[in-house]
Amino acid sequence: MSNKQRFAVILLSLLALAPPFAIPQLSAMQEAATQQEGTEDARVHQEAVNRELEAFRAAQLSLRQAIGIAEKRHAGSRTADISFDGASGSPVYRVKTVQDNRLWEHAIDAKTGDTIGAETVSHLKDLNPDDRNNVMALRTVRQELSDAVIIAEQVASGRAIGGSLMDDNGKLNFVVVVVNGGGDLKQVVLEPPQARGRGSNARHGSR
């Protein structure tokens, strides 16, 4: 039985026994239950993050190496998005590469570099608008996501765990998440030179 269900049983029992004047006190109990449930959710979330980071530290393959492996499967393809997934049986990098109007999704073993399972392929017209815009934006920049990863790792002094090119209302940014030496997550945002005609800028913050 979950915490929420246990609290529900307790509250229902008290409601059946309490005289009318005692009923207002239940709101305080409900508030306490909600706060405890929120604390429990936060704890579970942090434990999941810690497990993910532990799996990432054990990965033999870097994010940039995974990009290279995925792009070699289809000559001329470019990476639009990559993320680390340590929750599956074997930790993998999930990589999305694009060429012309097709998008491939690959799972690259983070320890061996082998491709796991069959790749999936989608046509751009079948993607939701946000994903389609992000993929099409890649055509307007010459820089590669792997280039942005190199810069982000230098800026944040760590190893990249994920990255993508994002179109935010017409403004293009490479967004790379880096795990620094202290185990903190840093998000580095780089604006490709082609988007402004000037050198790229970088800013980062803790997550």
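1. Describing the layout of surface pockets
If a probe as big as a water molecule is rolled over the atoms, it shows which places are left empty.
Next, step 1: The computed volume of the second largest pocket comes to approximately 180 Å³.
Next, step 2: Lining the second largest pocket are Ala80, Asp81, Lys96, Leu103, Glu105, Leu127, Asp131, Asn134, Val135, Ser164, Leu165 and Met166.
Next, step 3: Elements with a contribution of two residues or more to the lining of the second largest pocket: strand 1 (78-85), strand 3 (102-109), helix 4 (129-137) and strand 5 (158-168).
Next, step 4: Of the residues that constitute the lining of the second largest pocket, the class distribution is 6 nonpolar, 2 polar and 4 charged.

2. Section: the environment of alanine 160
Next, step 1: Checked against the element boundaries, alanine 160 lands in strand 5.
Next, step 2: When its relative accessible area of 1% is taken as the criterion, alanine 160 is described as buried.
Next, step 3: Sequence-wise, alanine 160 and phenylalanine 56 are 104 residues apart; in three dimensions their C-alpha atoms are separated by 9.9 Å.
Next, step 4: Apart from the residues lying within four places of it in its own chain, the contact partners of alanine 160 are Phe56, Leu63, Val149, Glu153, Val176, Val177 and Val178.

3. Re the packing of aromatic side chains
Next, step 1: Applying the stated criterion across every chain yields a total of 2 aromatic pairs.
Next, step 2: Consider the rings of phenylalanine 56 and phenylalanine 84, whose centres lie 5.2 Å apart with planes at 75°: the pair is edge-to-face. Of this pair, phenylalanine 56 sits in helix 2 (residues 25-57) while phenylalanine 84 sits in strand 1, and the two are 28 residues apart along the sequence.
Next, step 3: Connected via pairs of aromatic rings, a cluster forms that spans Phe56, Phe84 and Tyr93.
Next, step 4: Looking at arginine 159, its charged tip hangs above the ring of phenylalanine 56, at a distance of 4.5 Å from the centre.

4. As for the confidence of the model for the protein chain
Next, step 1: In the predicted model, the protein chain carries a mean pLDDT of 79, and 75% of its residues have values of at least 70.
Next, step 2: Taking the mean pLDDT of every element in the protein chain, the minimum, 35, falls on helix 1 (residues 3-17) and the maximum, 96, on helix 3 (residues 63-72).
Next, step 3: The model gives residues 1-26 a pLDDT under 50, and that stretch makes 14 contacts with residues more than four places away or in other chains.
Next, step 4: With pLDDT under 50 throughout, residues 195-200 is counted as low confidence; its partners more than four residues away or in other chains account for 7 contacts.

Parameters at a glance
Residues numbered from 1 in each chain as written. Predicted model: local features only at pLDDT ≥ 70, side-chain atom pairs only at ≥ 80, totals over all residues. Heavy atoms only, no water. 1 Å grid on protein atoms, 1.4 Å probe; cavity = no way out; pocket = protein on both sides within 12 Å on 5 of 7 lines; lining within 4 Å. Points joined across faces, edges and corners; volume = space filled by probe spheres on them. Helix = DSSP H or I, 4+ residues; strand = E, 2+ residues; numbered from the N terminus. Nonpolar A, V, L, I, M, F, W, Y, C, P; charged D, E, K, R; others polar. Buried < 20%, exposed > 50% of the residue type's maximum accessible area, 1.4 Å probe, protein only. Contact = heavy atoms within 4.5 Å. Phe/Tyr/Trp six-rings, centres within 6.5 Å; stacked < 30°, edge-to-face > 60°. Lys NZ or Arg CZ within 6 Å of the ring centre and 35° of its normal. pLDDT = per-residue confidence, 0-100.

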